[in-house]
Amino acid sequence: MGKSSRLAVADATSTLTGKRPSAPRSSAPVYVPGAWHRDHRVGLTAVVVSVALIWLVGFLGPSAATLSLDPQGSLLPPYNLHVPVPDWVAVGLLWLALAVGAGGWWCCRSAAVDGWRPRLARLAALGVGLNVVVCLVPPMTSADVLMYAAYGRLQVLGLDPYQIPPGEIFRMQYDPVLLTIERPWQDTPTVYGPVISATQYAASLLGGTNTHDIVFWLQLFCLLPMLGIAGIAWWLARGNHLLQLRTVLVLLLNPALVWSVVAQAHNESVAVVLGMAALALMRSHPLLAGVALGLAGGAKINMVLYGVAMVWGLRHHWRHLGRVTLGAAISIAVCYGLWQPTALWAAARNTGYINAGAWAGPVYGRLTWFYSPNVSKIIVNVIALALWASVGWMLSRVMPYRPLPGVAPEIDPQRDPTSVAVRAAVILYVSWLVTTPNSFSWYDLLAWAVLALAATSQ
């Protein structure tokens, strides 16, 4: 039967049944990888295995990498088997997890560039699931979450964590939460902004005197903003399948971020989700964008670079810039003027630290042979500022302007405030992270969040 005959039969059938024949389904081209290292199946398998290894280290029990938490009869997460794990096993598994995850993520990224176009909702659900699973086991590698619990406990006791360190209290009276904090933070007042302190206070209220439960709430207050960051980036990338795929890979299926932020329950996600909200509101609601930006600064003072990026993006839009500035001024005044007047000075202490694992560690050590510690710190910070300016300038020369979805084709991307702000934030944070004297792996979220939207490929 020829084509015309088949159409005639179809028309006759539709006349009898009253229904129109359905149009033939167009099948999307199936991506066929040219090599194993560009195969999305290999990549996703490696990413899942990587996160599963991270989860396993936490689930087995206390080790050099996993915190020891007594549930005290609680049914809440985190859960583990309380099986002591040899240090070499725990550390070796984490190194293996990161290596496998890095390779898998690269395979997924290469497949996306080659033409892999998966169902994004299903892929995002996988990423959400992996992040949630990691939050069901105790935090790993860092004990900062115990510090957060102690600062929240101080607030519940009616004390000011910006002026009174935990050690001053637990040396005078027994407290089951304050005792868990590790050195050197026992005698260090908090350096976090009032927004972060509010999450610590809420976790302590919900967890009571059970450190295990307080840690669970702190883990949840890390996970939810992390998912919010991915959601905002997804929304900013709407209409561009490849860019949305990139946001999922960078922010949900990135084992490096799962390990350094979610598995360690760091509070960077609280500050970054507010900064991303400010970027998302720039075009339509500049006043609200300013309020969100001010709250981000009220969480962590290093979020000021998001503000610098937004000012640069709005330099040709004076009305919007004025509204953003007004909104930021209001929320900053509330946070540091009315809410916690001592918080700004406390946060300034964080700028004087030198991380032994950063490039500045050995440089500072050699300088102390010839100069006092204070003079050595000044020299290191001057070097860091010079390096920051140099690296930032070089990045600005090579990083192209890329319009975000929603920008009309006839509009120059250099005139779109959000596109310019995202690019500026990438340059500022990437250059800062590689040159600052005090950097940790979880700080990388500051750059990854905007880097997910700064792809140069279409």
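Everything that follows concerns the structure shown earlier in this document.
Presented here is an overview of the structure given in this document. Keep in mind the model is a prediction, meaning the values are calculated, not measured.

**Quick notes on the overall build of the chain**
Here's step 1: Secondary structure assignment for the chain yields 19 helices and 0 strands.
Here's step 2: A compact globule built from 458 residues would reach a C-alpha radius of gyration of about 23 Å, and the chain, at 25 Å, matches this within 12%.
Here's step 3: In the chain, buried positions account for 50% of the 458 residues.
Here's step 4: Put simply, of all contacts in the chain between residues at least 6 apart along the chain, 75% involve residues at least 24 apart.
Here's step 5: Accessible surface, the chain: about 21500 Å² in total, of which carbon and sulfur atoms supply 67%.

**Brief notes about unusual backbone geometry**
Among all residues except glycine, the phi angle is most often negative; among peptide bonds, the trans geometry is most common.
Here's step 1: Here Pro-77 and Pro-78 are connected by a cis peptide whose omega angle stands at 5°.
Here's step 2: Cis geometry is adopted by the peptide bond preceding Pro-184, which originates at Arg-183 and carries an omega value of 0°.
Here's step 3: Tracing the backbone through its elements, the reader meets Pro-184 in the loop between α6 (166–170) and α7 (194–207).
Here's step 4: Even without glycine at this site, Gln-72 takes up a positive phi of about 50°.

**Regarding the environment of His-212**
Here's step 1: Inspection of the secondary structure assignment puts His-212 in helix α8 (residues 211–236).
Here's step 2: The class for His-212 is buried, based on a relative accessible area of 2%.
Here's step 3: As for His-212 and Ile-427, which are separated by 215 residues in sequence, their C-alpha atoms are 39 Å apart.
Here's step 4: Dropping the residues within four chain positions of it, His-212 is found in contact with Leu-69, Asp-70, Pro-71, Ser-74, Leu-76, Pro-77 and Pro-78.

**Looking at the environment of Leu-53**
Here's step 1: Of note, Leu-53 is situated in helix α2 (residues 40–60).
Here's step 2: With 252 residues separating them along the chain, Leu-53 and Leu-305 place their C-alpha atoms 35 Å apart.
Here's step 3: Discounting residues that sit within four places of it in the chain, Leu-53 has contacts with Leu-93, Leu-96 and Ala-97.

**Here's the deal with a nonpolar patch on the surface**
Here's step 1: A cluster of nonpolar side chains, namely Leu-287, Leu-326, Ile-330, Val-334, Leu-338 and Trp-339, defines an oily patch on the protein surface of about 590 Å² accessible area.
Here's step 2: When you line up the elements, Leu-338 lands in helix α14 (residues 318–339).
Here's step 3: Judged by its relative accessible area of 70%, Leu-338 falls in the exposed class.

**A short note on helix α13 (residues 304–313)**
Here's step 1: Among all positions in α13, only Leu-305, Tyr-306, Gly-307, Ala-309, Met-310 and Gly-313 are buried.
Here's step 2: In this structure, the buried residues of α13 make contact with α11 (268–281), α12 (286–299), α14, α17 (373–398), α18 (417–435) and α19 (445–451).

**A word on the packing of aromatic side chains**
Here's step 1: Inspection of the entire model under this criterion finds 11 aromatic pairs.
Here's step 2: Judged by centre distance (6.1 Å) and plane angle (75°), the rings of Trp-105 and Trp-448 are edge-to-face. Of the two residues, Trp-105 sits in helix α3 (residues 87–114) while Trp-448 sits in helix α19, which places them 343 residues apart along the sequence.
Here's step 3: Classification of Trp-448 as partly exposed rests on a relative accessible area of 24%.
Here's step 4: The rings of Tyr-306, Tyr-429, Trp-432, Phe-440, Trp-442 and Tyr-443 are connected pair by pair, giving a single aromatic cluster.
Here's step 5: The side chain of Arg-315 reaches across the aromatic face of Trp-312, ending 3.9 Å from its centre.

**Brief notes about helix α10 (residues 255–262)**
Here's step 1: Counting buried positions along α10 gives 7 out of 8 residues, so the element sits mostly inside the fold.
Here's step 2: Those residues of α10 that sit buried are Pro-255, Leu-257, Val-258, Trp-259, Ser-260, Val-261 and Val-262.
Here's step 3: Residues of α10 that are buried make contact with α2, α3, α4 (120–134), α8, α9 (241–251) and α19.

**Let's talk about the packing of α2 against α3**
Here's step 1: Packing of α2 against α3 leaves a shortest axis separation of 7 Å and a crossing angle of 155°. With respect to α3, the axis of α2 lies roughly antiparallel. The element α2 and its partner α3 pack so that their crossing is left-handed.
Here's step 2: Considered class by class, the residues forming the contact of α2 with α3 number 19 nonpolar, 5 polar and no charged.

**Here's the deal with the pattern of salt bridges**
Here's step 1: Overall, the coordinates contain 6 salt bridges when judged by the stated rule.
Here's step 2: Its salt-bridge partner being Arg-38, residue Asp-114 comes within 2.4 Å of it at the nearest N-O pair. Placement of the pair is Asp-114 in helix α3 and Arg-38 in the loop between α1 (3–17) and α2, with a sequence separation of 76 residues.
Here's step 3: Asp-114 sits in the partly exposed class, given a relative accessible area of 37%.
Here's step 4: In this structure, Asp-416 engages Arg-283 in a salt bridge whose closest nitrogen and oxygen atoms are separated by 2.9 Å. Residue Asp-416 is found in the loop between α17 and α18, and its partner Arg-283 is found in the loop between α11 and α12; the two are separated by 133 residues along the sequence.
Here's step 5: Residue classification places Asp-416 among the buried positions, given a relative accessible area of 7%.
Here's step 6: Among the residues examined, Arg-283 registers a relative accessible area of 29% and is labelled partly exposed.

Rules behind the numbers
The residue count restarts for each chain, going from 1 along the sequence in the order it is written. For a predicted model such as this one, the threshold for reporting local features is a pLDDT of at least 70, and the threshold for listing and counting side-chain atom pairs is 80 or more; totals across whole chains, interfaces and linings nevertheless cover every residue. Heavy atoms from the whole structure form the basis of all side-chain values; hydrogens and water molecules are not counted. A run of H or I in DSSP becomes a helix once it reaches four residues, and a run of E becomes a strand once it reaches two; helices and strands are each numbered from the N terminus. Here the globule rule is a power law, 2.2 Å times the number of residues to the power 0.38, and the radius of gyration is based on C-alpha atoms. Here the term buried applies to any residue with accessible area under 20% of the maximum for its type, exposed to any over 50%, and partly exposed to those in between, with areas from a 1.4 Å probe on protein chains only. Any two residues whose heavy atoms approach within 4.5 Å at even a single point are treated as in contact. Exposure was quantified through the Shrake-Rupley algorithm and a 1.4 Å probe, taking into account, for residues, occlusion by the shown protein chains and nothing else. Patch building starts from residues that exceed 30% relative accessible area and form no salt bridge, then joins like charges within 9 Å and nonpolar side chains (Val, Leu, Ile, Met, Phe, Trp, Tyr) within 5 Å. A side-chain nitrogen of Lys or Arg and a carboxyl oxygen of Asp or Glu constitute a salt bridge if their distance falls within 4 Å. Here the aromatic set is Phe, Tyr and Trp, taking the six-membered ring for Trp, and pairing holds for ring centres within 6.5 Å; pairs whose planes are under 30 degrees apart are stacked, those over 60 apart are edge-to-face, and all others are tilted. Definition used: whenever NZ (Lys) or CZ (Arg) falls within 6 Å of the ring centre and also within 35 degrees of the ring normal, the charge is taken to sit over that ring. Fitted lines through C-alpha atoms give the axes, limited to the stretch in contact for helices. The angle between two N-to-C directions lies from 0 to 180 degrees. Angles below 35 degrees are treated as roughly parallel, those above 145 as roughly antiparallel, those between 65 and 115 as roughly perpendicular, and all remaining angles as oblique. Two helices that cross are described as forming a left-handed crossing if the nearer one is turned anticlockwise from the farther one by less than a right angle, and a right-handed crossing if clockwise. Residue polarity is assigned by list, with Asp, Glu, Lys and Arg as charged and Ala, Val, Leu, Ile, Met, Phe, Trp, Tyr, Cys and Pro as nonpolar; anything else, Gly included, falls into the polar class.

Purely spatial values, then, with no claim about function.
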